[in-house]
Amino acid sequence: MYESISIEIPSLWVYPDQFAALESMSKHTVYKWKEFGKLKIVPKTIRKGKKKAGGRIQIKYYEYKLQQMKNLGFKQVEINVVGWDKFAAKTGA
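Residue indices begin from 1 for each chain and proceed along its sequence in written order. Under the rules for a predicted model, residues below a pLDDT of 70 receive no local features and side-chain atom pairs below 80 are neither given nor counted, while totals for whole chains, interfaces and linings still include all residues. Side-chain numbers here rest on the full set of heavy atoms in the structure, without hydrogens or water.

(A) Spotlight on unusual backbone geometry. Phi at Ser-24 takes a positive value of approximately 55°, unusual for a residue other than glycine. Helix numbering and strand numbering both begin at the N terminus, where a helix is a DSSP run of H or I of at least 4 residues and a strand a DSSP run of E of at least 2. Counting through the fold element by element, Ser-24 comes out in the loop between helix H1 (16-23) and helix H2 (27-36).

Here you go:
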C-alpha cells in the first residue's frame, strides 16, 4: 500500500482521559479496551513502605499509534514526540 508515514504525538504515554480526547472516544471505552487487553499500559510499581501499587493508569500511546499505522499498511512509520505545547498549537486545541 503506502511506503512511509510521519505523524506527531504529544507524549510517549498518556492518561485515559487524554487518550479519550486524542482518539475521540469516551473514557468508558478506554477503560474497557484496557480491561480487554487492547491497550498496553505502563506497569505500576509498589513504592517503598506501601502494600499496594497506586497512581493513575498510563497508556503507552506511542506503541498504540505505531501498531495502528502498521495495521493500516505503512511499512515505515516515523513518530515524532513533540510535547503537549507544540501539539496543542498545531492542532488548534
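(B) Expanded view of the pattern of salt bridges. The salt bridge definition used is simple: a Lys or Arg side-chain nitrogen within 4 Å of an Asp or Glu carboxyl oxygen. Following the criterion strictly, the structure yields 5 salt bridges and no others. The closest approach of N and O atoms between Arg-56 and Asp-17, which form a salt bridge, is 3.2 Å. Within this pair, whereas Arg-56 is found in the loop between H2 and helix H3 (61-71), its partner Asp-17 is found in helix H1, the two being separated by 39 residues in sequence. Exposure categories follow from relative accessible area, calculated using a 1.4 Å probe and restricted to protein chains: below 20% of the type maximum is buried, above 50% is exposed, and the middle band is partly exposed. On the basis of relative accessibility, which here comes to 49%, the residue Arg-56 falls in the partly exposed class. Residues Glu-23 and Lys-65 are paired through a salt bridge, measuring 3.5 Å at the closest nitrogen-oxygen approach.

(C) View of H3. Along H3, the residues classified as buried are Tyr-61, Tyr-64, Lys-65 and Met-69. Within H3, the buried residues cover an arc of 125° as seen down the axis, which keeps them to one side. Should any heavy atoms of two residues lie within 4.5 Å, those residues are counted as being in contact. Where H3 is buried, its residues touch strand E1 (4-9), H1, H2 and strand E2 (76-81). Trailing H3 by a residue or two, Gly-73 shows a phi angle of about 105°, which is positive. When we speak of the arc, we mean the arc of directions from the helix axis to the C-beta atoms.

(D) Here's a closer look at the packing of aromatic side chains. Any pair of Phe, Tyr and Trp rings, taking the six-membered ring for Trp, is counted once the centres come within 6.5 Å. Such a pair is stacked with planes under 30 degrees apart, edge-to-face with planes over 60 apart, and tilted for the rest. Enumeration over the complete set of coordinates arrives at 4 aromatic pairs. Between Trp-13 and Tyr-15 the ring centres are 5.2 Å apart and the planes differ by 75°, which places this aromatic pair in the edge-to-face class. We classify Trp-13 as partly exposed; its relative accessible area is 32%. Pairing Phe-19 with Tyr-64 gives two aromatic rings, centres 5.0 Å apart and planes at 70°, and the pair type is edge-to-face. Linking Phe-19 in helix H1 with Tyr-64 in helix H3, this pair joins segments that are 45 residues apart in sequence. For the residue pair Phe-19 and Tyr-64, the accessibility class agrees, reading buried in each case. Our definition puts a charge over a ring when NZ of Lys or CZ of Arg is within 6 Å of the ring centre and also within 35 degrees of the ring normal. Sitting above the plane of the Tyr-15 ring, Arg-56 keeps its charged end 3.8 Å from the centroid.

None of the figures reported here should be taken as evidence of function without further support.
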